[in-house]
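Structure at a glance
These are the residues of each chain, in order.
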Amino acid sequence: QQPVQSPQAVILREGEDAVINCSSSKALYSVHWYRQKHGEAPVFLMILLKGGEQKGHEKISASFNEKKQQSSLYLTASQLSYSGTYFCGTEIAGNQFYFGTGTSLTVIP
Amino acid sequence: DAGVIQSPRHEVTEMGQEVTLRCKPISGHNSLFWYRQTMMRGLELLIYFNNNVPIDDSGMPEDRFSAKMPNASFSTLKIQPSEPRDSAVYFCASSEARQVAEAFFGQGTRLTVV
């Protein structure tokens, strides 16, 4: 039930772009994205609902492909503050919700 | 609002003891979630409440775990008896609705069972 994220870890230089993928074996009703910094609580980034919409703010955006049961998070022109672990959360039938395996992102100067 | 408030922030207890974790959700939020986070298993949803009623507790590991929400402003997660494998960070989160709203997390309780 737990969605799989890829890559597991990525290291970027400031200004570089990254894509984090979230893949589920179940049909998805919605996808949530969170970022967690070390020793802190997860912080909400965005929700994507059924309909294939794409959301985003500033330099972080995401897409939701219902047919492929996948979502991708796009980080452009990364900043040092983007470092952390990114989790997708997927809502499937029966109001069940599962967080993904996590992707550790490190941005270096 | 001060956000989701959890207590204690840290708890160290001996195996076999009872542990109670507390959570105060954001006022006006009608959904409350308890999560457990470990290196091995990541973030796991333990239970969630909607309007103070437990909706899904399928993530609760075993009978040693129980959760209550006596009113809209307070919830507890109890482990009795505690075991070393229960050591983890336990997060409480609240949201306005189950599906379409963002969840706000508390700062978590780091539990160590020795």
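For the structure itself, look to the data block above.
Residues and elements named next belong to chain A. Locating threonine 101 in the fold gives a position in the loop between strand E10 (96-99) and strand E11 (103-108). As a C-alpha pair, threonine 101 and glycine 89 span 12 residues in sequence and 9.5 Å in three-dimensional space. What threonine 101 contacts, discounting residues up to four positions off in sequence, is Gln2, Pro3, Val4, Gln5 and Phe87. A polar contact of 3.0 Å, which involves the side chain of threonine 101, links it to the backbone nitrogen of glutamine 5.

What follows deals with the layout of surface pockets. Its boundaries defined by the atoms lining it, the largest pocket holds a volume of some 750 Å³. Around the largest pocket, the lining is made up of 30 residues, and of these Gln36(A), His38(A), Gln37(B), Thr38(B) and Met39(B) lie nearest the centre. Contributing elements (two or more residues each) for the lining of the largest pocket: strand E9 (84-92) and E11 of chain A together with strand E4 (31-38), strand E9 (88-95) and strand E11 (109-113) of chain B. Of the residues forming the lining of the largest pocket, the biggest block, 3 residues, is contributed by E9(A). Class assignment for the residues of the lining of the largest pocket results in 6 nonpolar, 19 polar and 5 charged. In this model, the second largest pocket occupies a volume close to 340 Å³. Forming the boundary of the second largest pocket are 15 residues, of which Tyr98(A), Arg41(B), Glu44(B), Leu45(B) and Gly59(B) lie nearest the centre. Taken together, the elements giving at least two residues each to the lining of the second largest pocket come down to E10 of chain A together with strand E5 (42-50) of chain B.

Calculation notes
- Residues numbered from 1 in each chain as written.
- Chains lettered and ligands numbered in written order.
- Predicted model: local features only at pLDDT ≥ 70, side-chain atom pairs only at ≥ 80, totals over all residues.
- Heavy atoms only, no water.
- Helix = DSSP H or I, 4+ residues; strand = E, 2+ residues; numbered from the N terminus.
- Contact = heavy atoms within 4.5 Å.
- Polar contact = N/O pair within 3.5 Å; in protein donor to acceptor, adjacent residues only side chain to side chain.
- 1 Å grid on protein atoms, 1.4 Å probe; cavity = no way out; pocket = protein on both sides within 12 Å on 5 of 7 lines; lining within 4 Å.
- Points joined across faces, edges and corners; volume = space filled by probe spheres on them.
- Nonpolar A, V, L, I, M, F, W, Y, C, P; charged D, E, K, R; others polar.

Remember, this is a structural readout, not a statement about activity or role.
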